[in-house]
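# A closer look at the structure
Each chain, written out:
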Amino acid sequence: MLPADNHIHSRWSWDTAETSTMELECARAIHRGIPAVAFTEHVDFAVWGDGDGTRWPSLQLGDRPPSFAPLDIAGYQANIEKCREMFPDLRVLSGIEAGEPHLFPASVTRVLGAGSFDRVLGSLHCIPVDGRLEGDTWTLFTRHDPYDLMERYFAELFALVEESQLFEVLAHCDYPRRSWPTARVGGYREADFEDHYRSVFQALASSQRVLEINTGSPLASAALMRWWWEEGGQAVSFGSDAHRPSLVGDQFELAVHIVEAAGFRPGRNRFDFWRR
Ligand SMILES: [Zn+2]
Ligand SMILES: [Zn+2]
């Protein structure tokens, strides 16, 4: 039995195609033998809201992509309800993926108050570089030393975990590895950043939260998931980060083996996180 897919985007996310409907993604999950899906749509902000931005008072927000738009919470929730009726054998969870929740605490809080969300993911996609919040890691890696950039990433990720209690699951904890410049500097090695991973994991574990294994990123090793276990991590969430139906539950068989090798086991029921 495969675990729940706790990280999926549908057409309600600003970066996801209109053809990636919740209905098609639910059908795909059932076909794959996935017992539950969480639609964790992007919640990112193009401007500072009242009460945001106290961590970096002079930080400029970088250019947001043209497709950027706030989440239509009412439309999203109506679609969730429709899917729950259409697919009674699938557990359909609501959720958000909050980008940089430690920088936008007030804005994220307002979104959380405007709806009902079962899964709240916290993500770091953008990092402060030269006074600007920059999110295009592909370009950043061409302009900066990649090791230095990863260290900045982990420092900001640590701050995100320490300073924000708004989310339960830490998504893709090493997001920039997706764009790591392998051709120029060789492959990404988790061991080069072991101390950074462990610091973040310790902070996350001490606040009783959950680490995600993200199958849309290069897959974490069993050794990395074991660092999570050793730092006191209690639970693991599986997330495909699918932005189209064909990727729902992608590589979950492999991810299950990795998480099992690190010492975690299925949780209380088939919808639950995996636990130690
Ligand atoms: Zn993300
Ligand atoms: Zn995502």
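The structure we're discussing is the one just above.
What comes next is a walk through the structure.

About the cut-offs
- Residues numbered from 1 in each chain as written.
- Chains lettered and ligands numbered in written order.
- Predicted model: local features only at pLDDT ≥ 70, side-chain atom pairs only at ≥ 80, totals over all residues.
- Heavy atoms only, no water.
- Donors = N, O, S within 2.8 Å, 3.2 Å for Na, K, Ca; no water.
- Tetrahedral: all angles 85-135°; square planar, octahedral: opposite > 155°, others 65-115°.
- Helix = DSSP H or I, 4+ residues; strand = E, 2+ residues; numbered from the N terminus.
- Buried < 20%, exposed > 50% of the residue type's maximum accessible area, 1.4 Å probe, protein only.
- Axes fitted to C-alpha atoms, helices over the stretch in contact; angles between N-to-C directions.
- Left-handed = near helix turned anticlockwise from the far one by under 90°.
- Contact = heavy atoms within 4.5 Å.
- Nonpolar A, V, L, I, M, F, W, Y, C, P; charged D, E, K, R; others polar.
- Core = buried A, V, L, I, M, F, W, Y, C linked by side-chain atoms within 4.5 Å.
- Pairing = 2+ DSSP bridges.

This part takes up the coordination of the zinc ion (ligand 2). Protein-derived ligands of the zinc ion (ligand 2) are H7 (NE2), H9 (NE2), E97 (OE) and D241 (OD), with the metal-ligand distances lying across 2.1 to 2.2 Å. Between the four donor atoms coordinating the zinc ion (ligand 2), the angles at the centre fall across 83 to 175 degrees, so the site counts as irregular. When the donors of the zinc ion (ligand 2) are listed by position in the chain, the intervening gaps give H-x1-H-x87-E-x143-D. Between the zinc ion (ligand 2) and the zinc ion (ligand 1) the interatomic distance comes to 3.4 Å, and E97 is a ligand of both metals. Here H9, found in the loop between strand 1 (5-8) and helix 1 (22-32), pairs with E97, found in strand 4 (residues 91-99); they are 88 residues apart in sequence, far enough to count as distant. The two residues H9 and E97 agree in class, both being buried.

The protein atoms that coordinate the zinc ion (ligand 1) are E97 (OE), H125 (NE2) and H172 (NE2), at distances of 2.1 Å. Here the donor residues of the zinc ion (ligand 1) share one chain and are spaced in sequence as E-x27-H-x46-H.

In this section: unusual backbone geometry. In terms of backbone geometry, most residues other than glycine have negative phi values and most peptide bonds are trans. The backbone phi angle of D130 is positive, close to 50 degrees, even though this residue is not glycine. Among the secondary structure elements, D130 is positioned in the loop between strand 6 (127-129) and strand 7 (132-134).

To continue, consider the packing of helix 1 against helix 2 (residues 73-86). Where helix 1 meets helix 2, the axes come as close as 10 Å, and the angle between the chain directions of the two elements is 35 degrees. Of the two elements, helix 1 crosses helix 2, and the hand of that crossing is right-handed. Between helix 1, through M22, E23 and C26, and helix 2, the contact on the second element is made entirely by Y76, N79, I80, K82, C83 and M86. Here the residues of the contact of helix 1 with helix 2 are counted per class, giving six nonpolar, one polar and two charged.

Counting residues in hydrophobic clusters, the biggest one holds 76 residues, and the most contacted among them are V37, F39, L170, Y197, F201, I213 and M225. In terms of residue count, helix 5 (residues 146-163) provides more of this core than any other element does, seven residues in total. The next biggest cluster of nonpolar side chains, apart from the first, holds six residues, and it includes L121, A171, V210 and F273.

Moving on, we get to the sheet that holds strand 3 (residues 60-61). Taken in spatial order, the three strands make up an open sheet running 3-7-6, and their pairing is mixed. Of all strands in the sheet, those with a lone pairing partner are strand 3 and strand 6, marking the two edges.

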